[in-house]
Structures are given as C-alpha cells and as structure tokens.
Amino acid sequence: MTHFADDQRAAFRACARAFTGIDEPAYLKCERDPLEPVIGLGDPDARICFFGRDPGADEVRHAMPFIGAGGQKVRGTLYRYLYGRAMPGFDASVNVGNLFFWANTVPYKPIGNKAWSMKVKRSCHPLMVDVLLKNWRGSDIIVLGREAFFWFGIGKSRKERAALEEFWQRDDRYSAMMPVELSSHGLSRAFRLYPLPHPSPLNATWYKQFPDLLTQRLKQLNVRQDNLLVPSSRSFP
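Residues numbered from 1 in each chain as written. Predicted model: local features only at pLDDT ≥ 70, side-chain atom pairs only at ≥ 80, totals over all residues. Heavy atoms only, no water.

## Some thoughts on the overall build of the protein chain
Our working definition: Counting from the N terminus, the helices are DSSP H or I runs at least four residues long and the strands are E runs at least two residues long. The rule is simple: take the accessible area with a 1.4 Å probe, protein chains only, and divide by the maximum for that residue type; under 20% is buried, over 50% is exposed, in between is partly exposed. For this analysis, residues touch if any pair of their heavy atoms sits within 4.5 Å. Surface accessibility in these figures is a Shrake-Rupley result with a 1.4 Å probe; residues are shielded only by whichever protein chains are displayed.
Along its length, the protein chain carries 9 helices and 6 strands. Taking the principal axes of its C-alpha atoms as reference, the protein chain extends roughly 45 × 40 × 40 Å. Within the protein chain, buried positions represent 51% of all 237 residues. The long-range fraction of contacts in the protein chain, counting pairs at least 24 apart against all pairs at least 6 apart in sequence, stands at 71%. Carbon together with sulfur atoms contributes 51% to the accessible area of the protein chain, which is approximately 11,500 Å² in total.

Next up, the structure:
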C-alpha cells in the first residue's frame, strides 16, 4: 500500500489551515483531526484510479474515501464484476478497494457536502497532482462526476479547458476516453480519463444506471483479477 511521505501530509495540513469550510463538527463527532486529509491512496501499482469530489461523513468516520453510500455502489460493482457474486459486507468492500487507487479533488469534508469553491480546489490542486504523480504508477483514471472531471482543467490553457468542456457535452462521454497531462515540480505524465456520473443516491438521473456504466468501463479497460497491476517495469519518475 502507498503511504504519505511526511512532507506530503504536512503540505496538506498547511493548506487546510489556510482555507475555511471544513466541516469540523463532523470530524470532532468521530474524534478525527479535521486537518488530516482523507485520501485512500492504495496499491501504487494499481492500474486503475478512482477519482471523485470530496469525502463525506462516512469517509471521515472511517478515514477512508468512497466508503459511504456512493462509494459502496462503486465497491459493490467492483466486487460483483471481479468475483461474480454480491459483495458480502463492509469488510469485503474495504478489501476490494485495496486493489485500486483512490483520490479526491479536495481531501476534506465540506460543510453541508457542498462542492468546494474553485479557490479551495486551486489551493489543493498542486498537492493532489503531486499525489497522482508520485504515489501512483498507473495512468487510467475513472472519474466520478462533473466536478471531478473539470478538476483536470485547473491551471490549463483556455484551449485545454475548452476541450474538456466539449468532451463533457458529448453524448458518449460515459463511454469515450479523454487524454490529459499533469505536471508538478518538473514531473509530467500522461493520463487517460474515463468519466462516469457521480454515484450518489441523490443523483436520481444516473444512480440506477451506474453499476452498468461502471461495468462497461471495467470491460473497456480489460479489468480482470489477473490484470489489476501496471507492468512491473514501469517505475516512478
């Protein structure tokens, strides 16, 4: 499993001190530190990363992303796809998640679960780019929802942002792939984005369709029990 370097953790904590809007009561209720980022990380060799918006109350309580109702939708679909049966319980959802890499635009729960402002997303952006470049060797990212998708346009040129907007307007956005490049501190790497709708139960338009859409993405990416890791020859920059 990937672990934060001390300097990465310190950078996130310093960043969080500089902005407002963290749902501190939710952290205190669970006896969690509101400055501690909730990032799943995972196997650095995982082929697939799941990238979402931000953690909720369940994620704070378990100090683990994508573990609430929406995350269970993701994990349950992964389990059924890999093992051909329904996910038996919470522990199984944690274990199947260990086969993938997990990250969010902002690794802190916002008050009211409202999307973070662009100012906050910009402040955390270099740190999360750093996580993707330094803590993970993969390149295929299943992006959950519009907010997470357009995070990849932060700091980009007008032309690049327009390309993301044009892609999002396509009828086939949940089956097509969007290439992007991320850079940080002299490091740069190409990634492939595979957008899906956000799996929240509040997303009435897509919630019921989500398992089928994710299953199609997993087939598209040739995900199998024996094909979950990047080639061992690939190393960190």
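On we go from here.
## Remarks on the sheet that holds strand S2 (residues 48–52)
Consider a sheet: its strands pair through backbone hydrogen bonds, and that pairing is either parallel or antiparallel. Cut-off, in case you're wondering: DSSP-based pairing: two strands are paired if at least 2 bridges between them are found. Orientation is described by lines fitted to C-alpha atoms, with helices fitted over the stretch in contact, and by angles between N-to-C directions that extend from 0 to 180 degrees.
Read across the sheet, 6 strands follow the order S1-S3-S2-S4-S6-S5 without closing on themselves; strand pairing throughout is mixed. In this open sheet, the two edge strands, each paired with only one partner strand, are strand S1 (41–42) and strand S5 (178–184). Sitting on the sheet, helix H4 (residues 69–83) touches S2, strand S3 (101–104) and strand S4 (140–144), and the angle it makes with S3 is about 160°.

## Examining the pattern of salt bridges
Think of it this way: side chains of opposite charge can pair up when their charged atoms draw near. What counts, and what does not: For salt bridges, the criterion is a side-chain nitrogen of Lys or Arg within 4 Å of an Asp or Glu carboxyl oxygen.
Under the criterion given, the structure shown has 12 salt bridges. For arginine 61, the salt bridge goes to aspartate 58, with nearest N and O atoms at 2.3 Å. Within this pair, arginine 61 and its partner aspartate 58 are both found in helix H3 (residues 57–62), separated by 3 residues, close to a single helical turn. Given the relative accessible area of 28%, aspartate 58 is considered partly exposed. Lysine 121 serves as the salt-bridge partner of glutamate 147, at 2.7 Å between the closest nitrogen and oxygen.

## Some points on the environment of arginine 17
Positionally, arginine 17 belongs in helix H1 (residues 6–17). The spatial distance from the C-alpha of arginine 17 to the C-alpha of aspartate 33 is 12 Å, given a sequence separation of 16 residues.

## A few points about the side chain of asparagine 135
Our working rule: Polar contacts, as counted here, are pairs of nitrogen or oxygen atoms within 3.5 Å of one another; within protein the pair requires one atom able to donate a hydrogen and one able to accept it, and residues that are adjacent in sequence qualify only if both atoms are side-chain atoms.
Structurally, asparagine 135 can be placed in the loop between helix H6 (118–134) and S4. Side-chain polar atoms of asparagine 135 contact the side chain of glutamine 8, separated by 2.7 Å.

## Points about the packing of aromatic side chains
Rules: Here a pair means two rings of Phe, Tyr or Trp (six-membered ring of Trp) with centres within 6.5 Å. Their orientation is stacked below 30 degrees between planes, edge-to-face above 60, and tilted elsewhere.
Using the criterion set out here, one finds 17 aromatic pairs in the structure. With a centroid separation of 5.3 Å and 70° between ring planes, the pair formed by phenylalanine 19 and tryptophan 116 is classed as edge-to-face. Placement of phenylalanine 19 in the loop between H1 and helix H2 (24–29) and of tryptophan 116 in the loop between S3 and H6 is noted, with a sequence separation of 97 residues between them. Relative accessible area serves as the criterion here: at 12%, phenylalanine 19 is assigned to the buried category. For tryptophan 116, a relative accessible area of 7% puts it in the buried group. Chaining the aromatic ring pairs together yields one cluster made of Phe149, Phe150, Phe167, Trp168, Tyr174 and Trp206.

## Observations regarding the packing of H4 against helix H9 (residues 210–220)
Geometry of a packed helix pair, given as the angle between the helix axes and the separation of the axes. Put simply, the test is: Roughly parallel refers to an angle under 35 degrees, roughly antiparallel to one over 145, roughly perpendicular to one between 65 and 115, and oblique to any angle outside these ranges. In this scheme, a crossing is called left-handed if the near helix is turned counterclockwise away from the far one by less than a right angle; it is called right-handed if the turn is clockwise. For this scheme, ten residues count as nonpolar: Ala, Val, Leu, Ile, Met, Phe, Trp, Tyr, Cys and Pro. Four count as charged, namely Asp, Glu, Lys and Arg, and the remainder, Gly too, count as polar.
Relative orientation of the contacting elements H4 and H9 amounts to 50°, with a least axis distance of 10 Å. Accordingly, the angle class assigned to the pair H4 and H9 is oblique. For H4 against H9, the interelement crossing comes out right-handed. Residues Lys73, Val74, Thr77, Leu78 and Tyr81 of H4 touch H9, and the partners they reach there are Phe210, Pro211, Leu214, Thr215, Leu218 and Lys219. Taken together, the residues that form the contact of H4 with H9 break down as 7 nonpolar, 2 polar and 2 charged.

## Details of the environment of serine 188
When you line up the elements, serine 188 lands in strand S6 (residues 187–196). Spatially, the C-alpha atom of serine 188 lies 9.9 Å from that of aspartate 130, the residues being 58 residues apart in sequence. A polar atom in the side chain of serine 188 sits 3.0 Å from the side chain of serine 183.

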